[in-house]
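# Summary of structural features
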Amino acid sequence: MAIRPLLDRRVVVTGVGVISPLGNTAKETWDAAVAGRSGVSSITRFDASGFPVRIGGEVKGFDPGQWIDKKEIKKMDTFIHYAIAAAQMAADDARLEIGESNRERIGVYVGSGIGGIGGIEYYHGQLVEGGPRKVSPFFIPMVLINLASGQIAIRMGLEGPNSCAVTACATGVHCIGDAYHMVRRGDADVMLAGGAESAFTPLTVSGFAAARALSSRNDEPQKASRPFDRDRDGFVLGEGAGVLVLETLEGAKARGATIYGEILGYGLTGDAYHITSPPDDVSGAIRCMRMALYNAGLAPEDVDHVSAHATSTFADKLETKALRTVLGTHADKVPVTALKSMMGHLLGAAGGVETAMAFMSLKNEVILPTINLDSPDPECDLDYVSGGARRRPVRTILKNSFGFGGTNASLVIAKVD
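### A short note on the pattern of salt bridges
If you walk through the whole model with that rule in mind, you get 25 salt bridges. Residue Arg185 pairs with Asp187 through a salt bridge whose shortest N-O separation is 2.4 Å. Relative accessible area serves as the criterion here: at 35%, Arg185 is assigned to the partly exposed category. Note on Asp187: relative accessible area 28%, which makes it partly exposed. A salt bridge links Glu220 to Arg217, with the nearest nitrogen and oxygen atoms 3.4 Å apart. Taking relative accessible area as the criterion, Glu220 reaches 34% and is therefore assigned partly exposed. Through salt bridges that share partners, Arg9, Arg105 and Asp189 make up one connected network.

Structure (structure tokens):
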């Protein structure tokens, strides 16, 4: 049997699609983030008046009918609506043409942290109230996480790799990193990759609130998400989707595509410590970032900017500690952005949206700000870009995402030489 040689191709991003609490396109999200606006407000998806937490980063004004036939909308959970919209926007942005000659070489890798919990709650209620006849035959495929990738592939006719990662809050970055390897080693020439989430349900909010993970700053929703601040009291639940088009540098140049930047390295590790908390020595996150830099062939001093995980919880100080360990004396020279300060925590979608914004930072030469940093935690002592967006060239960005179960993911992205 013939043995195919192992490929090592350069992988670039040529399209981004975003749905977020800041806007229903990548541009709307970018413009709001540059301005330092917050997308957090009172919860409207259900009556949260009796809940200890009544705020969140909801997507506003999204019309699934713009992207999906009306008869199909009810057959999918909202996270799939977001995934389809973000994927189509990314493909349009990349000017990706799909036909018989290339559809087998284009794949999808879009995941979610929680998936269709809205559909699960709704149909459980239908079952309890009206019996099994009230449960839709579309219930199972509407809530399965891999159906985000499946529905995207069906609608676009993509016959390449079709799968997803499900790693809680690290999902988006793991999906992008795994898809990067698929393109790099020749399993596909183009991949649509990222994450989607919509978990504004009574059960989800109750569960996170019971764990005391959420901010209860209900009277000041826009100030509730405050990474690295001394007065942070938990994360703010958010939702949305972020999908990127990854392809070979050679292919992108051949078709004259606009290139946002290149993925140079990807790291992934496990803490093997606790289901929700990293260890005090942050060894897993440190190894993850070092792996990404090693695979990128870069030294710590090559990092120009960090897009942090930074959830507005106690773990912010541990990410700071990890960054100081990895970057050494260079850490004080590196601006660090916490986009969750404006959007809240988009769970499985966070890494996709934040990575999309990182690529836009490369392209637009703007470092996005961290808002609500009024009283920095003494243990959080890096440059968090708290004075507004900075217009300056950026060549290399380190992007972190960490998830429940002790799963860690880091990407190194850069401008293309």
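### So, empty space enclosed by the protein
Under the defined criterion, the tally for this structure stands at one cavity of 30 Å³ or more. Estimates place the volume of the largest cavity at around 60 Å³. Taken together, His305, Ser307, Thr337, Leu339, Glu354, Met357, Ala358, Ser361 and Leu368 make up the full set of residues lining the largest cavity. Those elements that provide at least two residues to the lining of the largest cavity are β9 (305-307) and α13 (350-364). The greatest single-element share of the lining of the largest cavity, amounting to four residues, is contributed by α13.

### Let's talk about the packing of helix α10 (residues 283-296) against helix α11 (residues 315-327)
At a minimum axis separation of 9 Å, α10 and α11 run at an interaxial angle of 40 degrees. Here α11 runs oblique to α10, going by the angle between their axes. The handedness of the crossing between α10 and α11 comes out as right-handed. Contacts between α10 and α11 pair Ala285, Ile286, Met289, Arg290 and Leu293 from the former with Ala322, Leu323, Thr325 and Val326 from the latter. Here the contact of α10 with α11 is built from residues that sort into seven nonpolar, one polar and one charged.

### Some thoughts on the pairing of strand β14 (residues 407-414)
Most of β14 sits out of view: eight of its eight residues are buried. Of the two faces of β14, the one carrying Thr407, Ala409, Leu411 and Ile413 and the one carrying Asn408, Ser410, Val412 and Ala414 are both buried. Relative to β14, strand β8 (residues 261-270) is paired through eight bridges, and the arrangement is antiparallel. From the neighbouring strand, Gly267 faces β14, where its bridge partner is Ser410. In the sheet, strand β13 (residues 396-403) pairs with β14 via eight bridges, with the strands oriented antiparallel. What sits directly across from Gly403, in β14, is Thr407.

Definitions and cut-offs
- Residues numbered from 1 in each chain as written.
- Predicted model: local features only at pLDDT ≥ 70, side-chain atom pairs only at ≥ 80, totals over all residues.
- Heavy atoms only, no water.
- Salt bridge = Lys/Arg side-chain N within 4 Å of Asp/Glu carboxyl O.
- Buried < 20%, exposed > 50% of the residue type's maximum accessible area, 1.4 Å probe, protein only.
- 1 Å grid on protein atoms, 1.4 Å probe; cavity = no way out; pocket = protein on both sides within 12 Å on 5 of 7 lines; lining within 4 Å.
- Points joined across faces, edges and corners; volume = space filled by probe spheres on them.
- Helix = DSSP H or I, 4+ residues; strand = E, 2+ residues; numbered from the N terminus.
- Axes fitted to C-alpha atoms, helices over the stretch in contact; angles between N-to-C directions.
- Parallel < 35°, antiparallel > 145°, perpendicular 65-115°, else oblique.
- Left-handed = near helix turned anticlockwise from the far one by under 90°.
- Contact = heavy atoms within 4.5 Å.
- Nonpolar A, V, L, I, M, F, W, Y, C, P; charged D, E, K, R; others polar.
- Pairing = 2+ DSSP bridges.

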